[in-house]
Amino acid sequence: MRRRVVVTGVGIISPLGIGIEENWSAITNGRSGIGPITRFNTDSFPVSFAGEVEGFDAEKYMVHKDVKKMDRFIHFAVAASDDALKDSGFEITEKNAERVGVQVGVGLGGLPAIEKFHDIYKEKGVRKVSPFFIPMVIANLASGQVSIYSGAKGPNTCAVTACATGTHSIGDAARLIQYGDADVMIAGGTESVITPLCIGGFHAAKALSTRNEDPKSASRPFDRDRDGFVIGEGCGVVVLEEYEAAKKRGAKMYGEVAGYALNGDAHHITSTSPNGEGAARCMKLALKNASVNNSDIQYINAHGTSTGADSAESQAIKSTFGNHAYKLAVSSTKSMTGHLLGAAGGIEAIYTLLAIKRGVLPPTINYNTPDPECDLDYIPNQAREVKVSTAVSNSFGFGGTNAVLVFKNLSN
């Protein structure tokens, strides 16, 4: 019999703020975190806006010399993990350290460091490349540094599955607890790649919105006039615990990880499978894994990227839930944060947990013109007070990789 897994702590850094309350206030009030790019000169760029994290100070979490040894995605991971552990009230000790693990993934990793040190190499030569360059860019160094800073000595691994990374990380980590490989896991996703190459590459792929004149309205999932996603950065990390142990120590619980599924489209490197067939299969598998019926689900935090794929996800929801799809509330918080790539699933899992814990569903902002192919209830523009017992969080990534989590409210 598999063990039950609950979420007892959360840590979040996003374009909407740092910490639970800043994020929740922004999300429920429909505030956009999108604005002009400040990291580099965009005068020659066709896209000049993104979802940047403002006010983040890595030195609040680590000493200056360590800050210089890490790229920004690792800074975020260490900080959000520290916040999540403090929020959980769980203390890692010599006695329990080997039963505490880390799985914090990333989609693109240390792209800023790659661009920076390539320029240094071209201008000053190979001897000026930092000895810390490689540990700055390797994807698993987010988990590695979290392990070092927290003292967690259990499973230490890293999912790298594009935009599904955060969701895969939480689901895989939950299974490590369910089947006895760990008792506690620090899990989620992180990303920080607002760089010239990243903006240039995604624009070349015709993936980005070009609404430079009004960045805050650019991310408009499910809206007929959507024209691409908005890139963002941040980190979402949760502390997962075995239910009985968490209950015994009197931990607060945001919800239970009731179900998880992952699969592949086997279709295309960037496009979803026709009619969202792979996403539908993944949702059905997650519901089966959670032992819940279609009618038990009341809210879906959609992948909803503000691209053509939104219609495929809508079709997948209808294929999965049948007539119940029209009774579901569905929203995309990317309308406010932008698309955080490898961090998206972790942050959206947290928003989903807060929604069922606090009884408020986040809206999809910038939803003004309905799309005939997207005809569900997307909670347009204003948050909604609803008591929710069971919810779903979707993530789908390049390469046709899909991940779905099912969360249950333990307050009911």
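The structure this text deals with has already been given above.
Participant: Any chance you could explain the overall build of the protein here in plain terms?
Facilitator: Regarding its fold elements, the protein presents 13 helices and 15 strands. Here the C-alpha atoms of the protein give a radius of gyration of 20 Å, agreeing with the 22 Å that 2.2 N^0.38 yields for 412 residues. By its C-alpha atoms, the protein is 65 × 55 × 40 Å across when sized along the principal axes. For the protein, the proportion of contacts with a sequence separation of at least 24, taken over those separated by at least 6, is 78%. If you sum the accessible surface of the protein, you get close to 16300 Å²; carbon and sulfur atoms cover 51% of it. One way to put it: in the protein the 41 positive side-chain charges average out to a point 4 Å from where the 43 negative ones average out.

Participant: How should I be thinking about the nonpolar core in this particular structure?
Facilitator: Here is a general trend for soluble globular proteins: nonpolar side chains tend to be buried in one another's company. Counting residues in each nonpolar core, the largest one holds 46 residues, and the members touching the most others are Val7, Val238, Leu240, Val257 and Tyr299. At nine residues, helix H13 (residues 344-358) tops the list of elements feeding residues into this core. The residues contacting Val7, other than those within four sequence positions of it, are Val238, Val239, Leu240, Lys252, Met253, Tyr254, Gly255, Val257 and Leu353. With 32 residues, the next largest nonpolar core counts Val53, Phe73, Ala77 and Val146 among its residues.

Participant: Help me understand the side chain of Asn263, please; the structure alone is not making it clear to me.
Facilitator: Positionally, Asn263 belongs in strand E9 (residues 255-264). Given a relative accessible area of 14%, Asn263 falls into the buried group. Among the polar contacts made by the side chain of Asn263, one reaches the main-chain carbonyl oxygen of Gly278 at a distance of 3.1 Å. A distance of 2.9 Å separates a polar atom in the side chain of Asn263 from a polar atom in the side chain of Asn402. Those residues within four positions of Asn263 in sequence are excluded, and the remaining contacts are Gly278, Arg281, Cys282, Leu285, Gly400, Thr401 and Asn402.

Participant: Any chance you could explain the packing of aromatic side chains here in plain terms?
Facilitator: Geometry of an aromatic ring pair is reported as the spacing of the ring centres plus the angle between the planes. Applying the stated criterion across every chain, the model contains eight aromatic pairs. A centroid spacing of 5.1 Å and a plane angle of 80° characterise the contact between Phe202 and Phe229, whose relative ring orientation is edge-to-face. Here Phe202, found in helix H8 (residues 196-204), pairs with Phe229, found in the loop between H8 and strand E8 (234-242); they are 27 residues apart in sequence, far enough to count as distant. By relative accessible area, Phe202 is classed as buried at 14%. Using a relative accessible area of 6% as the deciding quantity, one classes Phe229 as buried. Following the ring pairs from residue to residue traces out a cluster consisting of Phe56, Tyr61 and Phe76. Taking the ring centre of Tyr243 as reference, the NZ or CZ of Arg4 above it sits at 4.1 Å.

Reading guide: rules and limits
- Residue numbering note: each chain is counted from 1, following its sequence as written.
- At least 70 in pLDDT is required for a residue's local features to be given in this predicted model, at least 80 for side-chain atom pairs to be given and counted, and no such filter applies to totals for whole chains, interfaces and linings, which use all residues.
- Excluded from the side-chain calculation are hydrogens and water; included are all heavy atoms of the structure.
- Under the DSSP-based scheme used, a helix requires at least four consecutive residues in state H or I and a strand at least two consecutive residues in state E, with every element numbered from the N terminus.
- Two things to know: the radius of gyration comes from C-alpha atoms, and the globule rule equals 2.2 Å times the number of residues to the power 0.38.
- The contact rule is simple, with two residues in contact once any of their heavy atoms fall within 4.5 Å.
- Using a 1.4 Å probe, accessible areas were evaluated by the Shrake-Rupley method; residue-level cover was limited to the displayed protein chains.
- Charge counting follows a simple rule: Lys and Arg are positive, Asp and Glu are negative, and His as well as the terminal groups are ignored.
- Charge positions are represented by NZ for Lys, CZ for Arg, CG for Asp and CD for Glu.
- Nonpolar core, defined: a set of buried Ala, Val, Leu, Ile, Met, Phe, Trp, Tyr and Cys residues in which side-chain atoms within 4.5 Å join the residues together.
- Only protein chains enter the accessibility calculation, which uses a 1.4 Å probe; a residue is then buried when its area is under 20% of its type maximum, exposed when over 50%, and partly exposed in between.
- Two N or O atoms form a polar contact when they lie within 3.5 Å of each other; inside protein one atom must be a possible hydrogen donor and the other a possible acceptor, and for residues adjacent in sequence the pair counts only when both atoms belong to side chains.
- Two aromatic rings, drawn from Phe, Tyr or Trp (for Trp, its six-membered ring), form a pair once their centres lie within 6.5 Å of each other, and the interplanar angle then sorts them: stacked below 30 degrees, edge-to-face above 60, tilted otherwise.
- Distance and angle both matter: a charge sits over a ring if NZ of Lys or CZ of Arg is within 6 Å of the ring centre and within 35 degrees of the ring normal.

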